[in-house]
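What follows is each chain in one-letter form.
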Amino acid sequence: MSYSRMRTLVLMIIDSSIILGCVTLSYLFRFDAELNKVQIQQAAIYSGIAIVISLIVLYKHGLYRRAWQFASVGEVVLIFRAVTIAIILAYTITSLVIPGRVPVSIGFRTYELALLGIGGSRFIFRIIKDNYIKPANKQRQSLIIGAGQCGVLVVRELKMNAASNQAAVGFIDDDPKKWGQEVLGLHVIGGREQIIKICTEQQVDDIIIALPSASRTQISDIISICKQTNAKLKMVPQISELLEGKVELSMIRDVGVEDLLGREPVVLENDGIDEYIADKVVLVTGAGGSIGSELCRQILNFKPRKLLLLGHGENSIYQIHRELKDKADNLMPIIADVQDRKRMEQIFEQHQPHVVFHAAAHKHVPLMEENPSESIKNNVFGTRNVAECADIYGAERFVLISTDKAVNPTSIMGTTKRIAEMFIQCLAKQSTTKFSAVRFGNVLGSRGSVIPLFKEQIAAGGPVTVTHPEMVRYFMTIPEASRLVIQAGAYANGGEIFILDMGEPVKIADLARDLIRLSGYEPEVDIEIKYSGIRQGEKLYEELLLQEEGMTDTEHSRIFIGRPASFNREDIELELRRLERILGEDRAIIQELLSRIVPTYVRETKDDKRVLVTSS
C-alpha cells in the first residue's frame, strides 16, 4: 500500500473514532450516563450513520489530501464547512430512519465535539511542528528584520524545519504600530535603531532580512546598521521569487556585495531592443564568459531568429549551450578564435549575423602586463577581425564591450581596449554598420574579479589581501552590465561610447571589511587584512571619461554617451601594422608603440613612479 493511501486510511480511522466518541459522549451527557436499551440502540445507529456520512463529506472536501503541517485559516474554514454539512446530514437521516426523534441537544453537542475533535486532530501536527524544540547546543540565535507576512513565514520555517539550527529571538520593524506586539510568540522589539542593542544583549548569531519588497536603497541602509554587529547577515529573495507564499530555508541566502551598492538595478527599455533583436541573427563572441553568457541569457528573452554562441574555450561554450538549449532551439555553439581572420570570415559568410556583441577579450590587468603581445592579439586584432567582418558582411549593429580601464590607461590591457574603441569609431564614420562601445567598471562576481578572491580567502581563514587602502572602483552586477550592453545597441547611431551611471565608487578595503562582516567575522580580529601594494598596470582610482569627452543624456536615465574626438582610419591602420611587426618583442618596445597610439597611456618606470608616456 502506498504512503498516501496508508495516510488516508489512518486519518479515516481516527475520524471514525472521533465521531463515535462524539456521539457517545453526547448521549452520556444528555442522559447523565444512564442509558436504556432504546437509547443505546439509537446512539449506535446515529453513530454508524454519522461515521459514514462524515467520511464521505470529509473525503469530498479534500481533507484527506491536505498537508496539515502547513494548515492555516483556509483549512479551518474547510473543516468548519465539512463538519457542519456532515452532522446536519447525519442528524437528519438518523431522525428519519429510526423510531423516536434524536434529541436536538444531542445533535448540537455532537456538532460541537466533532468540530473540536476533527479540527484539533488536524492541527496537533501543526502545533507540534510550530513548537519544535531543537537541541540547545546547536541553536543559533536569529533576529528577523521585518514583521510582515514574509517575516512570519521565515519564523514558521525556522520552527517547523527539523534541519534548521536557528531559533528566532524577535522581530525588528520600522512600523511603530507593530512595536510591542507579539507575533508567533515573538515580540516586535522596535525599529532599526534597536538592532545593535538587541544583537549585543541576545548574542544574535544571524540577522535575517525579510523585506522582499524593499528597495535596494532601503536594504543598503539596513545592512549598514547590521554591519556594526558581529552577526552574519542573510536575506530572503525578492518578491518575485516568493509568489508561492512560502519561504524555505534553502531560499534564505547570504547577503551579497550587490546588496551593498545602495541603488536600484538598471531596467531595460524593451521597445527599442525588440526592434533590433527580434527575429534577427545575433552573434555573441566570448559567449562562455561572465558577461557573454549573461548576454546570451537575456538576448533569448527578445526572440532572436538565431543566437550564435562563439567562444575559444570548448568547456565554457558547452556549459552555456547546455544551460540554454532547453529554453530555445535556435542556438548555434561555435568554437572559434577571434584572432583567426579566415575563421571569422567563414562564420560571417555562413550565418550573416545582423547584430554582433563583441565580448571576447583578455581582461586580467597584471596577467596582461606579463603577456603584452597576447593582449594585443586578442583585444586589438581580434576586435579588428570581428569588426571588419561585421562591416564587410553588412551587419546592422556592432557593440564592443569595453572598460573604464581604457580611460587614461595605466595598463597594457586598458590601452588595448582603448585602441579597440578607437578602431570601431573609425569604422563607424564610413560603414553602414552602427558601431558603438559600452564602457563600465568592475563586474561583481565575474571570473577573476576581486569578490570571488576575497570569499576564497575568508573561507580559508584569511588573510584578505588588498592592494592599497585608498584604492577605489566602480561596481555593477553581471545582469546590469549585460543590460547596458543590450540597451546600448538600441540607442546606437554610430561611434558612441555608452557609459552607465554606477553610483558612487567603492573603496576596495571597505569592500573587504564588508565581506568579512557579512561572513560573520570581525575584520582585523578574526580575519586579517593585508596590503600587498599596487600591482603593475593598476590605478588607485578608475575614470569613466577622457578629458575631451563630453557626456550627453540618452532616453535612459542611467545611461550616458561620451563622444571622443574623431580618428583617422589610415593613421590607425598604419600604427596597427607597426604593432603587428613588434609582436613578441620586449615589453618596453611594445609599451613605447602603444603610447604612440594612445597618448594618454601612463605606465610604471623602473623606479615604480607612474609617468605619462609620450612619443617623440
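Bear in mind that the values here come from a model prediction, so they are computed numbers and not experimental data. (Residues numbered from 1 in each chain as written. Predicted model: local features only at pLDDT ≥ 70, side-chain atom pairs only at ≥ 80, totals over all residues. Heavy atoms only, no water.)

(A) Region of the structure containing a nonpolar patch on the surface. A cluster of nonpolar side chains, contributed by Ile 45, Ile 85, Leu 89, Ile 93, Leu 96 and Val 97, occupies part of the molecular surface with about 500 Å² of accessible area. It is helix 3 (residues 73-97) that contributes the most residues to the nonpolar patch, five residues altogether. Mapped onto the elements, Ile 45 comes out in helix 2 (residues 37-60). Its relative accessible area of 32% is what places Ile 45 among the partly exposed residues. (Patch = residues over 30% accessible without salt bridge, like charges linked within 9 Å, V, L, I, M, F, W, Y side chains within 5 Å. Areas by Shrake-Rupley, 256 points an atom, 1.4 Å probe, with all protein chains shown as cover. Salt bridge = Lys/Arg side-chain N within 4 Å of Asp/Glu carboxyl O. Helix = DSSP H or I, 4+ residues; strand = E, 2+ residues; numbered from the N terminus. Buried < 20%, exposed > 50% of the residue type's maximum accessible area, 1.4 Å probe, protein only.)

(B) Region of the structure containing helix 13 (residues 372-392). Look at helix 13: 29 Å from first C-alpha to last across 21 residues, which is about the 30 Å you get at 1.5 Å a residue. Counting buried residues in helix 13 gives 17 out of 21 residues, a clear majority hidden from the surface. Phi turns positive, to about 75°, at Gly 394, one or two residues after helix 13. (Expected span 1.5 Å × (residues − 1).)

(C) Fine view of the nonpolar core. With 46 residues, the main nonpolar core has Phe 398 and Leu 579 as its most contacted residues. In terms of residue count, helix 14 (residues 412-428) provides more of this core than any other element does, nine residues in total. The contacts of Phe 398, once residues within four sequence positions are left out, are Val 356, His 358, Val 386, Ala 387, Ala 390, Ile 424, Thr 433, Lys 434, Phe 435 and Ser 436. Core analysis: the next-biggest nonpolar cluster, separate from the first, contains 39 residues, Val 284, Cys 296, Val 485 and Ala 492 among them. (Core = buried A, V, L, I, M, F, W, Y, C linked by side-chain atoms within 4.5 Å. Contact = heavy atoms within 4.5 Å.)

(D) Representation of the confidence of the model for the protein chain in the model. The predicted model of the protein chain averages 81 in pLDDT, with 81% of residues at 70 or higher. Segment residues 240-247 is flagged for pLDDT under 50; beyond a separation of four residues in sequence, or across chains, it makes 18 contacts in the model. Confidence drops under a pLDDT of 50 for residues 605-616, and excluding neighbours within four residues, the segment shows 26 contacts in the predicted structure. (pLDDT = per-residue confidence, 0-100.)

(E) Structural detail: the pairing of strand 1 (residues 140-145). When strand 1 meets strand 2 (residues 166-172), the two strands line up parallel, connected through six bridges. Within strand 2, the position partnered with Gln 141 by the bridge is Ala 167. Note: strand 1 against strand 5 (residues 206-209), four bridges, orientation parallel. If you follow Ile 144 over to strand 5, its bridge partner there is Ile 208. (Pairing = 2+ DSSP bridges.)

(F) Representation of the packing of helix 9 (residues 290-299) against helix 10 (residues 314-324) within the structure. Running from N to C, helix 9 and helix 10 cross one another at 20°; their axes reach a closest spacing of 11 Å. The angle between the axes of helix 9 and helix 10 places the two elements in the roughly parallel class. In the crossing of helix 9 with helix 10, the sense of the turn from one axis to the other is right-handed. Where helix 9 approaches helix 10, its residues Ser 293, Cys 296 and Arg 297 are matched on the opposing element by Ile 320, Glu 323 and Leu 324. (Axes fitted to C-alpha atoms, helices over the stretch in contact; angles between N-to-C directions. Parallel < 35°, antiparallel > 145°, perpendicular 65-115°, else oblique. Left-handed = near helix turned anticlockwise from the far one by under 90°.)

(G) Structural context of the packing of aromatic side chains. All told, the structure shown has four aromatic pairs when counted by the stated rule. Both rings, one in Tyr 27 and one in Phe 31, keep their centres 6.2 Å apart while their planes meet at 25°; by these two values the pair is stacked. Since its relative accessible area comes to 0%, Tyr 27 is described here as buried. Measuring from ring centre to ring centre gives 6.4 Å for Tyr 46 and Tyr 91, while their planes differ by 75°; the resulting arrangement is edge-to-face. In this pair, Tyr 46 is assigned in helix 2 and Tyr 91 in helix 3, connecting sequence segments 45 residues apart. Classification of Tyr 46 by relative accessible area gives buried; the value is 0%. Across the ring face of Phe 31, the terminal group of Arg 30 is positioned such that the distance to the ring centre comes to 5.0 Å. (Phe/Tyr/Trp six-rings, centres within 6.5 Å; stacked < 30°, edge-to-face > 60°. Lys NZ or Arg CZ within 6 Å of the ring centre and 35° of its normal.)

(H) Examining the environment of Tyr 601 more closely. Mapped onto the fold, Tyr 601 is located in the loop between helix 19 (587-597) and strand 23 (602-604). Along the backbone, Tyr 601 and Thr 415 are 186 residues apart, and their C-alpha atoms lie at a distance of 6.6 Å. A polar side-chain atom of Tyr 601 sits 3.1 Å from a polar atom in the side chain of Gln 591. (Polar contact = N/O pair within 3.5 Å; in protein donor to acceptor, adjacent residues only side chain to side chain.)

(I) Looking closely at helix 9. In terms of burial, helix 9 is largely enclosed, as nine of its 10 residues are buried. Along helix 9, the residues that are buried comprise Ser 290, Ile 291, Gly 292, Ser 293, Glu 294, Leu 295, Cys 296, Gln 298 and Ile 299.

(J) Quick look at the pattern of salt bridges. Overall, the coordinates contain 22 salt bridges when judged by the stated rule. Note that Glu 345 and Arg 341 form a salt bridge whose closest N and O atoms lie 3.1 Å from each other. Here Glu 345 pairs with Arg 341, and both are found in helix 11 (residues 341-351), just four residues apart, close to one helical turn. Assessed through its relative accessible area of 24%, Arg 341 is described here as partly exposed. Among the ionic pairs, Glu 388 bridges to Arg 341, the shortest N-O distance being 2.7 Å. Of the two residues, Glu 388 sits in helix 13 while Arg 341 sits in helix 11, which places them 47 residues apart along the sequence. Given a relative accessible area of 12%, Glu 388 falls into the buried group. Bridged by salt links that share partners, the residues Arg 341, Glu 345, Glu 388, Arg 569 and Glu 573 form one connected network.

(K) Expanded view of the pairing of strand 9 (residues 306-311). Across the six residues of strand 9, five count as buried, placing the element largely inside the fold. Bridging between strand 8 (residues 281-285) and strand 9 involves five bridges; their strand directions are parallel. Residue pairing across strands places Val 282 opposite Leu 307, the latter belonging to strand 9. The parallel pair strand 8 and strand 9, bridged by helix 9, forms a crossover whose chirality is right-handed. In this structure, strand 9 lies alongside strand 10 (residues 331-335), joined through five bridges in parallel fashion. Paired with Leu 310 across the bridge in strand 10 is Ile 334. Each parallel crossover has a hand, and for strand 9 linked through helix 10 to strand 10 it is right-handed. (Right-handed = clockwise from strand over helix to strand, strands pointing away.)

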